[in-house]
Amino acid sequence: MDDIERKTLPWLNGGFDMEGIAAALAFLLVAVLLGVLWGPLFWVVFIFFVAALMASRWSNRTPPETANGIVAPCDGVVVSVGLAEVPPELRLSQKPMMRVRISSGPAATNKVYTP
């Protein structure tokens, strides 16, 4: 049951960056101040508060413990796997190489540190 909950409710496994919390609290303060002037302005800026919290989530990840496993640098769904020509900007060998395309949603907790 724990594995099912982890797959269907992944945001419960994450935390928040301190910078994201500070930005979200700034939006909340602005929302309260503008809400004093006019009520609907509070809800407009409150959307930015929620977006700042969602954008600053940090997931606790544990890579698989297999010798032959491949770990992707981001969350998402594998869209395609196949050979593709290497862009010349990468300055790699010009032979076709394996390309894995990953599609992730706008609310994914991607903190991609690889180029």
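Conventions used here
- Here, residues in each chain are numbered from 1, in the same order as that chain's written sequence.
- Totals for whole chains, interfaces and linings use all residues, but because this is a predicted model, local features are given only for residues with pLDDT of at least 70 and pairs of side-chain atoms are given and counted only at 80 or more.
- Derived side-chain values reflect all non-hydrogen atoms in the structure, with water molecules and hydrogen atoms excluded from consideration.
- By definition, any uninterrupted DSSP run of H or I lasting at least four residues is a helix, any uninterrupted run of E lasting at least two residues is a strand, and each is numbered from the N terminus.
- Each residue is placed in one exposure class: buried if its accessible area under a 1.4 Å probe, protein chains only, is under 20% of its type's maximum, exposed if it is over 50%, and partly exposed if it falls in between.
- In what follows, residue pairs with any heavy atoms lying within 4.5 Å of each other are defined as contacts.
- A 1.4 Å probe and the Shrake-Rupley method give the accessible areas. Residues count as covered only by the protein chains that appear here.
- Here the aromatic set is Phe, Tyr and Trp, taking the six-membered ring for Trp, and pairing holds for ring centres within 6.5 Å; pairs whose planes are under 30 degrees apart are stacked, those over 60 apart are edge-to-face, and all others are tilted.
- By definition, no residue in a patch forms a salt bridge, and every one has over 30% relative accessible area; like charges are joined within 9 Å, nonpolar side chains (Val, Leu, Ile, Met, Phe, Trp, Tyr) within 5 Å.
- Salt bridges are defined by distance alone: a side-chain nitrogen of Lys or Arg within 4 Å of a carboxyl oxygen of Asp or Glu.

A.B. asks: Kindly report on the overall build of the protein chain, identifying the contributing residues and their values.
C.D. replies: The helix and strand tally for the protein chain stands at 3 helices and 4 strands. Starting at the N terminus and walking to the C terminus, you meet the elements of the protein chain as α-β-α-α-β-β-β. Residues counted as buried form 11% of the 115 residues belonging to the protein chain. Counting contacts in the protein chain only where the partners sit at least 6 residues apart, residues at least 24 apart contribute 51% of the total. For the protein chain, the exposed surface amounts to about 9,400 Å²; the carbon and sulfur share of it is 68%.

A.B. asks: Can you break down the packing of aromatic side chains residue by residue, with the values?
C.D. replies: Within a pair of aromatic rings, the relevant descriptors are the distance that separates the centres and the angle that separates the planes. By the definition in use, this model includes 5 aromatic pairs. Ring centres of Phe-42 and Trp-43 lie 4.8 Å apart, and the angle between their planes is 80°; on these two criteria the pair is classed as edge-to-face. Looking at Trp-43, the relative accessible area reads 54%, which means it is exposed. Considering the side-chain rings of Trp-43 and Phe-46, the 5.6 Å spacing of their centres and the 75° angle between planes classify their relative orientation as edge-to-face. In this pair, Trp-43 and Phe-46 both sit in helix H3 (residues 39-55), 3 residues apart, roughly one turn of the helix.

A.B. asks: Break down a nonpolar patch on the surface for me, citing the residues and quoting the values.
C.D. replies: A contiguous nonpolar patch, built from Val-78, Val-81, Leu-83, Met-98 and Val-100 and spanning about 520 Å² of accessible area, is present on the exposed surface. Secondary-structure elements contributing two or more residues to the nonpolar patch are strand S3 (77-84) and strand S4 (97-103). If one sorts the elements of the nonpolar patch by residue count, S3 sits on top with 3 residues. Tracing the chain through its elements places Val-78 in strand S3. Among the residues examined, Val-78 registers a relative accessible area of 52% and is labelled exposed.

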